[in-house]
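Survey of secondary and tertiary structure
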Amino acid sequence: KAGVTQTPRYLIKTRGQQVTLSCSPISGHRSVSWYQQTPGQGLQFLFEYFSETQRNKGNFPGRFSGRQFSNSRSEMNVSTLELGDSALYLCASSLGRNKDYGYTFGSGTRLTVV
Amino acid sequence: AQKVTQAQTEISVVEKEDVTLDCVYETRDTTYYLFWYKQPPSGELVFLIRRNSFDEQNEISGRYSWNFQKSTSSFNFTITASQVVDSAVYFCALSEEETSGSRLTFGEGTQLTVNP
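Cut-offs used in this document
Residues numbered from 1 in each chain as written. Chains lettered and ligands numbered in written order. Predicted model: local features only at pLDDT ≥ 70, side-chain atom pairs only at ≥ 80, totals over all residues. Heavy atoms only, no water. Helix = DSSP H or I, 4+ residues; strand = E, 2+ residues; numbered from the N terminus. Rg over C-alpha atoms; globule rule 2.2 N^0.38 Å. Buried < 20%, exposed > 50% of the residue type's maximum accessible area, 1.4 Å probe, protein only. Contact = heavy atoms within 4.5 Å. Areas by Shrake-Rupley, 256 points an atom, 1.4 Å probe, with all protein chains shown as cover. Lys, Arg positive; Asp, Glu negative; His and termini not counted. Charge placed at Lys NZ, Arg CZ, Asp CG, Glu CD. Pairing = 2+ DSSP bridges. Axes fitted to C-alpha atoms, helices over the stretch in contact; angles between N-to-C directions.

It is worth spelling out the overall build of chain A at this point. Regarding its fold elements, chain A presents 0 helices and 11 strands. From first element to last, N terminus to C terminus, chain A shows the α and β order β-β-β-β-β-β-β-β-β-β-β. The globule rule puts the C-alpha radius of gyration for 114 residues at 13 Å, and the 13 Å found for chain A is close to it. Within chain A, the proportion of its 114 residues that are buried is 49%. Within chain A, contacts between residues separated by at least 24 positions form 53% of all contacts whose residues are at least 6 apart in sequence. Accessible surface, chain A as shown: approximately 5,300 Å² in total, 47% of it carbon and sulfur. Of the charged side chains in chain A, 13 are positive and 6 negative; the average position of the first set lies 3 Å away from that of the second.

So this is what it looks like as structure tokens:
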């Protein structure tokens, strides 16, 4: 079956712009989590959505937001982009809250802010 | 607060050598989950193993084995007879049942290079 699909794979934006990234989870998976990966901070949790509700949020400013649709697809948005937002953004999907289900990650979206 | 430490930043071995990646974690929860992921240059995090805090049984799967010891808060990963294709960054991660909910807390990662 298809894995986790993230689009686009690469993105270049200018400071001050906004960006929307998309994640399509594995069919049947209802939980979608987002992570930011940078060389300096490593992998950091952004937020998690389950059945269209945000149920967990990391320590990121309000410029970072997300949502989940009824088909479990998720989008994250970053407004007023800063150079420090350049990163690999990874999405993970899971069947549910039980950790025994595990998390399957997509290939990520590499965002470059210039 | 939860924390995962991977003290080895980089490891370089020659093909067919055995290599162990270390992971030490901190948590106050009694129920938690530990993971190992592999990240090849393509960027995708590939799931390798998951263990919950009540399952200290160590496991061998092909060339991979894991050593989970609650007494030392360690969850080490060993590759036997390493191959060039094993070259990647390996991440250890922790998820707590109560304190942090569904989020994964990752270690800094260990860059493994297997030379032919």
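Now, onward.
This part covers the sheet that holds strand E1 (residues 5-7) of chain A. All names here are of chain A. Strand order in this open sheet of 4 strands is E1-E3-E8-E7, and the pairing throughout is antiparallel. On the outer flanks of this sheet lie E1 and strand E7 (64-68), each paired with one strand and no other. Taken over all neighbouring pairs, the strand axes of this sheet differ in orientation by 20° on average, direction set aside. Where strand E3 (residues 19-24) and strand E8 (residues 74-78) come together, 5 bridges link them in antiparallel fashion. Paired with Leu21 across the two strands is Met76, which belongs to E8.

Purely geometric stuff here, so don't read any function into it on its own.
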